[in-house]
Amino acid sequence: MLDLKEISYQPQTGEKKIINNLNLKVRENEIILICGNSGSGKTTLLEIISGLTNPQKGKITWKNKILSPRQRRWLCGVVFQFPERYFIGTTIGKELKIGHKSLREKNIEIVLNKVGLKKLNLTQPPEQLSGGQQRRLAVAVQLLRNPSILLLDEPTAGLDWSMRNDVKNLILDLKNKSTIIIVTHEPALFDGIPSRQFILEKGEIKNFVKEIYEG
Ligand SMILES: Nc1ncnc2c1ncn2[C@@H]1O[C@H](COP(=O)(O)OP(=O)(O)O)[C@@H](O)[C@H]1O
Ligand SMILES: [Mg+2]
């Protein structure tokens, strides 16, 4: 379990706390959906969980052990908003291999299968993929690192209707295989995904919205 206890964060440049005494428990292999308006602190929360931002107060544990920010960077795979903007590989194959000294072709194949990108021509540039496929590729890049927790920041942002469904299906494909935390200002787009849903408001998890699991 990932346990966030009384987390508060105020940037040096900010006048008020972005995250304010936040508590959240995430079980292994569950999907958590955190909904909040623009500016509610969603991205900041993901940065804190993944060790990119260090809160002034609070404790973060994984499997009952306190983790340093550096350890959390290893633990988490973050897919930032509009991940396709940050692709630097000239081909899909190169994009997947970034940061890996050696990577078995088999591992690439397994991960591409997991994200539903089978039989891709890896020598084509990532831009040739559809919007939904590019998001899948961004998730694949993270999965190759084998993260314990996958964090998705507004995964449907900027996609048209059919592509949004593509992303939803991707998340459904990953369920029960990874611990996934999604933050979004469009929760309705994730209807049908078995998850626990929360609202983030003014840096606090305000209430527990619903728990949707298949019967
Ligand atoms: N480094 C920073 N310094 C000052 N204010 C910040 C900083 N980062 C984010 N903010 C502010 O904190 C609030 C929450 O930001 P963010 O986490 O990006 O929200 P969301 O992802 O929900 O839109 C916003 O009002 C934003 O302007
Ligand atoms: Mg954001």
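This text follows the structure it describes.
Residues numbered from 1 in each chain as written. Chains lettered and ligands numbered in written order. Predicted model: local features only at pLDDT ≥ 70, side-chain atom pairs only at ≥ 80, totals over all residues. Heavy atoms only, no water.

Draft legend 1. Up close: the sheet that holds strand β4 (residues 57–62). Strands sit in the order β2-β1-β4-β5 across an open sheet of four strands; the sheet is antiparallel. In this open sheet, the two edge strands, each paired with only one partner strand, are β2 (19–26) and β5 (65–66). Judged from the five bridges that link them, strand β1 (residues 2–9) and β2 form a sheet pairing that is antiparallel. Bridge pairing in β2 links Ile7 to Leu22. (Pairing = 2+ DSSP bridges. Helix = DSSP H or I, 4+ residues; strand = E, 2+ residues; numbered from the N terminus.)

Draft legend 2. Structural view of unusual backbone geometry. Here Phe82, not a glycine, exhibits a phi torsion of approximately 50 degrees, which is positive. As for its position among the elements, Phe82 is in the loop between β6 (76–79) and α3 (92–97). Not every positive phi belongs to a glycine, and Lys119 is a case in point at roughly 50 degrees. Residue placement: Lys119 occurs in the loop between α4 (105–114) and α5 (131–143).

Draft legend 3. Inspection of the site of ligand 1 at higher detail. Within the structure, ligand 1 sits among Pro11, Thr13, Ile18, Asn37, Ser38, Gly39, Ser40, Gly41, Lys42, Thr43 and Thr44. In this structure, an oxygen atom belonging to ligand 1 sits 2.7 Å away from a main-chain N or O atom of Gly39. The separation between an oxygen atom of ligand 1 and a polar side-chain atom of Thr44 is 2.5 Å. Considered class by class, the residues forming the shell around ligand 1 number two nonpolar, eight polar and one charged. (Near = heavy atom within 4 Å. Polar contact = N/O pair within 3.5 Å; in protein donor to acceptor, adjacent residues only side chain to side chain. Nonpolar A, V, L, I, M, F, W, Y, C, P; charged D, E, K, R; others polar.)

Draft legend 4. The arrangement of a nonpolar patch on the surface in detail. Where nonpolar side chains cluster on the molecular surface, the patch consists of Leu52, Phe80 and Tyr86 and spans about 310 Å² of accessible area. Within the secondary structure layout, Leu52 lies in the loop between α1 (42–49) and β4. (Patch = residues over 30% accessible without salt bridge, like charges linked within 9 Å, V, L, I, M, F, W, Y side chains within 5 Å. Areas by Shrake-Rupley, 256 points an atom, 1.4 Å probe, with all protein chains shown as cover. Salt bridge = Lys/Arg side-chain N within 4 Å of Asp/Glu carboxyl O.)

Draft legend 5. Seen up close, the nonpolar core. Counting residues in hydrophobic clusters, the biggest one holds 32 residues, and the most contacted among them are Leu96, Val139, Leu150, Leu152, Ile171 and Ile182. At the level of secondary structure, the elements contributing two or more residues to this core comprise β3 (31–35), α3, α4, α5, β7 (149–153), α6 (161–174) and β8 (179–184). The element best represented in this core is α5, accounting for six residues. Leu150 has contacts with Gly77, Val79, Val139, Gln142, Leu143, Leu174, Thr179, Ile180 and Ile181, leaving out every residue within four places of it along the chain. Formed by 27 residues, the second largest nonpolar core is a distinct cluster that contains Leu2, Val26, Leu46 and Ile181. (Core = buried A, V, L, I, M, F, W, Y, C linked by side-chain atoms within 4.5 Å. Buried < 20%, exposed > 50% of the residue type's maximum accessible area, 1.4 Å probe, protein only. Contact = heavy atoms within 4.5 Å.)

In short, geometric facts, not functional conclusions.
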